[in-house]
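Remarks on the overall topology
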Amino acid sequence: MSFKLGTVDGKAVLIKDENYYDVATVSNGAIGTDSVEALKSQSELSEIYESLSSESATGKVSDIELGNPVPKSQNCYAVGLNYRKHAEESGMDIPEVPMIFTKHTSCFVGPKSNIEMRSDYVDWEAELVVVIGKDGKNISKENAWEHVAGMCVGQDISDRPAQFATTPAMFNLGKSFDTYGPMGPCLVSLDSLEDYKSLDIECKLNGETVQKDNTNDLIFDVPAIISYLSEIVTLKVGDAIWTGTPSGVGIASGKFLKDGDELTTTIEGLGTMENKCVRVSDHSRAKVVPEFMKGFLKD
Ligand code: ZN
């Protein structure tokens with residue numbers, strides 16, 4: 001199956017070359033405007049995608065701002081410490097099973113959305129995000145890729161004081177502030193990629209490369225994550241799984257995002273997100289530097 005699915009003003013669109021096509025229009029109403037619902041009709045989407053050249057485009061991608069590709073996603077899971085060098089730079093042991101936490105879907109924003117930061121210790125984490133295309137429980141590693149609709153770029157923005165405000169840490173809240181889940185630019189189906197198991201991933205801060213790796217370095221690969229997660233939860237169409245970040249996050253060098261910073265995140269074949277960082281009001285723990293972080297901070 002081959003397609004690139006995004007949203008414009010919350011409505012599902014197919015993206016081909018420089019154009020986008022309203023899904024409800026090009027499917028003659030057979031598929032609705034919700035991108036997660038559209039993923040339940042992937043073979044139809046793929047067929048329509050093949051014949052888009054005979055349709056008139058809704059518009060040009062350069063004229064609009066794409067939104068989050070799956071704004072109506074129900075669940076969002078994420079994996080911590082899933083690249084070896086990142087586990088080392090964090091001073092943590094490599095987990096024996098995937099270290100899973102959740103990001104609340106209410107933090108989902110688009111590939112060009114502003115990141116509204118609530119402390120001076122907000123960090124970047126470039127990540128490959130996979131989106132489920134077929135419900136499943138107890139999915140085997142062998143069958144796992146069949147449950148993936150496609151992939152996109154993500155930034156697992158993390159407020160470190162909130163994340164480490166308690167022991168044990170509260171990963172889910174520290175990573176779920178409003179706007180802390182930029183995703184995009186669109187969802188790319190596996191068949192649209194040359195080698196979906198091996199994609200270069202890079203994060204730049206104000207033009208300078210801070211993270212660079214390849215998704216084939218994941219400790220727990222996508223099938224291992226899906227298999228493990230689905231022992232516990234039923235994975236649903238539209239659920240998003242953030243697969244972990246490579247080394248080079250800010251906390252490791254004591255450098256964090258500042259007002260006006262430009263964060264550029266690219267994954268081979270999936271595209272680029274450009275997010276501007278905007279400093280807004282402090283949250284109540286913004287100035288309380290957790291004990292855990294002090295070892296990383298420079299005087
Ligand atoms: Zn992460």
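The shown structure was predicted, so the numbers you read here are calculated from the model rather than taken from an experiment.

**Some words on the overall build of the protein chain**
Scanning the protein chain from N- to C-terminus turns up 8 helices and 18 strands. For the protein chain, whose C-alpha radius of gyration is 19 Å, the value lies close to the compact-globule estimate of 19 Å for 299 residues. Taking the principal axes of its C-alpha atoms as reference, the protein chain extends roughly 60 × 40 × 30 Å. Scored against the burial criterion, the 299 residues of the protein chain give a buried share of 54%. When contacts within the protein chain are restricted to residue pairs at least 6 apart in sequence, those whose partners lie at least 24 apart make up 77%. In the protein chain, the 28 positive side-chain charges and the 46 negative ones have mean positions that sit 4 Å from each other.

**Description of unusual backbone geometry**
The linkage connecting Thr-167 with the following residue, Pro-168, adopts the cis geometry, with an omega of -5°. Within the secondary structure, Pro-168 sits in the loop between helix H5 (160–163) and helix H6 (171–174). In this structure, Thr-179 is a non-glycine residue whose phi angle is positive, near 80°. When you line up the elements, Thr-179 lands in the loop between H6 and strand E13 (181–188). The residue Asn-206 is not glycine, and still its phi comes out positive at about 50°. Within the element layout of this structure, Asn-206 appears in the loop between strand E14 (200–205) and strand E15 (208–214). The exposure class of Asn-206 is partly exposed, given its relative accessible area of 47%.

Here is what the cut-offs are and how they apply
- Residues numbered from 1 in each chain as written.
- Predicted model: local features only at pLDDT ≥ 70, side-chain atom pairs only at ≥ 80, totals over all residues.
- Heavy atoms only, no water.
- Helix = DSSP H or I, 4+ residues; strand = E, 2+ residues; numbered from the N terminus.
- Rg over C-alpha atoms; globule rule 2.2 N^0.38 Å.
- Buried < 20%, exposed > 50% of the residue type's maximum accessible area, 1.4 Å probe, protein only.
- Contact = heavy atoms within 4.5 Å.
- Lys, Arg positive; Asp, Glu negative; His and termini not counted.
- Charge placed at Lys NZ, Arg CZ, Asp CG, Glu CD.

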